[in-house]
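Listed below are the residues making up each chain.
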Amino acid sequence: MRKALRMLGQTALLWGVYWVSNRFVTAAGLPVPGNVVGVLLLFTLLCLGVIRLEHVQEAADFLLRHLVFFFIPIAVGLMNWGQVFQDHGLVLLAAIVVSSLLPFWAVGFITQWLHRKDGECEL
Amino acid sequence: MSPLTLAAIAATLAAYVLFRRLYLRYGHPLLNIVVLSAAAIIALLLACGVSYQEYAPAREIMTFLLGPATVGLAVPLYRHRHLLRRYAVAIVTSVAAGAACAMLSAGLIARLGGLPREVVMSIVPKGVSIPFAIEIARLYDGIPPLAAAFVVATGTLGSLIGASFLTRVGITNPVARGLALGTVSHAQGTATALLEGERQGSMAGLAMILAGVLTALFAPFAVMIL
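Just so it is clear, the model here is predicted, and its values are computed rather than measured. (Residues numbered from 1 in each chain as written. Chains lettered and ligands numbered in written order. Predicted model: local features only at pLDDT ≥ 70, side-chain atom pairs only at ≥ 80, totals over all residues. Heavy atoms only, no water.)

Asker: A description of the overall build of chain A should follow, citing residues and the corresponding values.
Answerer: Within chain A one finds 6 helices and 0 strands. Seen in sequence order, chain A has helices and strands lined up from the N terminus as α-α-α-α-α-α. Over its C-alpha trace chain A gives a radius of gyration of 20 Å, far above what one expects of a compact globule, namely 14 Å for 123 residues. By its C-alpha atoms, chain A is 55 × 45 × 35 Å across when sized along the principal axes. (Helix = DSSP H or I, 4+ residues; strand = E, 2+ residues; numbered from the N terminus. Rg over C-alpha atoms; globule rule 2.2 N^0.38 Å.)

Below, the structure is given as structure tokens:
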């Protein structure tokens, strides 16, 4: 019971940070999603010690453990675009696959090469 | 809440629980939770003659906590903040290179493949989270909902093949893996990286943010080239 209440409170706090960030983005007219500002805001508050890890970490860890869940209903939305994918299927598939594999490799290679002396255990 | 919405939520949850269990038991990358669950739900909706518009209220309820969950990415990022300073140069250069590479290769292939201009402009911002992509598509005469669909397709593909591809090309450094997954396939890649480990997840979240901002900054140049 106490754990459930704590989760609820922590989720509310995360939601509050998200809400403030959204309001800020709208008011400032920034072309940036509210959740991006939210991550930066919460990170800053954690660094400043205004919010401590134990105020949010149980809820954050739970939500992040199940983060993939939220993308199921969003991915279902692809069903609306069947026609476009049917009409231009091959080109779109090529574009999406190549433009994923190339940067996957580029990002991974650059980082790993710059830190080629890092051992796994030092991280 | 309508019975349809209730049933849709129950079905989505059931699919998630089932495929998550399968994934955790066998750990095979093709047992992708999002792909399999979404495919099952689409098949179910088509079989029952339910449109996506009728499914939308259920989606709204289920994604209500996505915003706060994304904000929660600050927690693993804070826990691994020592990596930020150590990897600062690598983070900025690799994510910038990756974001530019993703936009240009997608746009070029779409253009050379003879797709209409507005479709090309919708595919350019496919590597960033939906709000960014919609804004970029709107600014450069793309079709915002189509841009959102490409974002989802990219995220789904990345979560399906990203981790195994990185392993195949010899990327073993967890920071490098996380950055790659977040840069290319944004939040879905981040979710996948989190399944792999917290270091991967925190770096993916950071890369997703950075890639989103950089893509918005690079967009005018990409439009000029394409």
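Asker: Would you mind going over the pattern of salt bridges in detail, with residue names and values included?
Answerer: For the structure on display, the rule yields 7 salt bridges over all chains. Two residues, A:Asp61 and B:Arg79, come together in a salt bridge whose shortest N-O distance is 2.8 Å. Linking A:Asp61 in helix H3 (residues 53-65) with B:Arg79 in helix H5 (residues 74-79), this pair reaches from one chain into another. Notably, a salt bridge pairs B:Glu60 with B:Arg59, separated by 2.7 Å at the nearest N-O pair. With relative accessibility at 46%, the residue B:Glu60 sits in the partly exposed group. If you follow the salt bridges from partner to partner, you end up with A:Lys3, A:Arg6 and A:Glu58 in one network. (Salt bridge = Lys/Arg side-chain N within 4 Å of Asp/Glu carboxyl O. Buried < 20%, exposed > 50% of the residue type's maximum accessible area, 1.4 Å probe, protein only.)

Asker: Describe the packing of aromatic side chains, listing the residues and the values that go with them.
Answerer: Applying the stated criterion across every chain, the model contains 7 aromatic pairs over all chains. Their ring planes at 45° and their centres at 6.4 Å tell us that A:Phe104 and B:Phe165 sit as a pair that is tilted. In this pair, A:Phe104 is assigned in helix H6 (residues 89-114) and B:Phe165 in helix H10 (residues 144-168), connecting two distinct chains. When its relative accessible area of 0% is taken as the criterion, A:Phe104 is described as buried. A ring pair is formed by A:Trp105 and A:Phe109, whose centres lie 5.0 Å apart and whose planes are at 15°; its orientation type is stacked. Here A:Phe109 and A:Trp105 lie together in helix H6, a separation of 4 residues that amounts to about one turn. We classify A:Trp105 as partly exposed; its relative accessible area is 39%. A:Phe109 gets classed as partly exposed once you look at its relative accessible area, which sits at 39%. In this structure an aromatic cluster arises from ring pairing among A:Phe69, A:Phe70 and B:Tyr16. When the ring centre of A:Trp113 is taken as origin, the NZ or CZ atom of A:Arg116, which lies over that ring, is 4.3 Å away. Stacked on the ring of B:Tyr78, the Lys or Arg B:Arg81 has its end atom at 3.9 Å from the ring centre. (Phe/Tyr/Trp six-rings, centres within 6.5 Å; stacked < 30°, edge-to-face > 60°. Lys NZ or Arg CZ within 6 Å of the ring centre and 35° of its normal.)

Asker: Quick rundown of the interface of chain A and chain B? Include the residues and the values.
Answerer: Each side of the interface is counted separately: chain A has 69 residues, and chain B has 100 residues. For the pair chain A and chain B, the summed buried area comes to about 7600 Å², and 82% of that belongs to carbon and sulfur atoms. Between chain A and chain B we count 1 salt bridge in total. Applying the counting rule to chain A against chain B returns 9 residue pairs in polar contact (both at pLDDT 80 or more). (Contact = heavy atoms within 4.5 Å. Buried area = accessible area lost by both parts, 1.4 Å probe. Polar contact = N/O pair within 3.5 Å; in protein donor to acceptor, adjacent residues only side chain to side chain.)

Asker: For the packing of helix H1 (residues 3-26) of chain B against helix H2 (residues 33-48) of chain B, give the residues involved together with the corresponding values.
Answerer: Residues and elements named next belong to chain B. Between H1 and H2, the shortest axis-to-axis distance is 9 Å and the interhelical angle comes to 145°. Seen from above, H1 lies across H2 with right-handed handedness. Only Ile33, Leu36, Ser37, Ala40, Ile41 and Leu44 of H2 make contact with H1, whose side of the interface consists of Ala11, Thr12, Ala15, Tyr16, Phe19, Arg20 and Tyr23. A per-class count over the contact of H1 with H2 returns 10 nonpolar, 2 polar and 1 charged. (Axes fitted to C-alpha atoms, helices over the stretch in contact; angles between N-to-C directions. Left-handed = near helix turned anticlockwise from the far one by under 90°. Nonpolar A, V, L, I, M, F, W, Y, C, P; charged D, E, K, R; others polar.)

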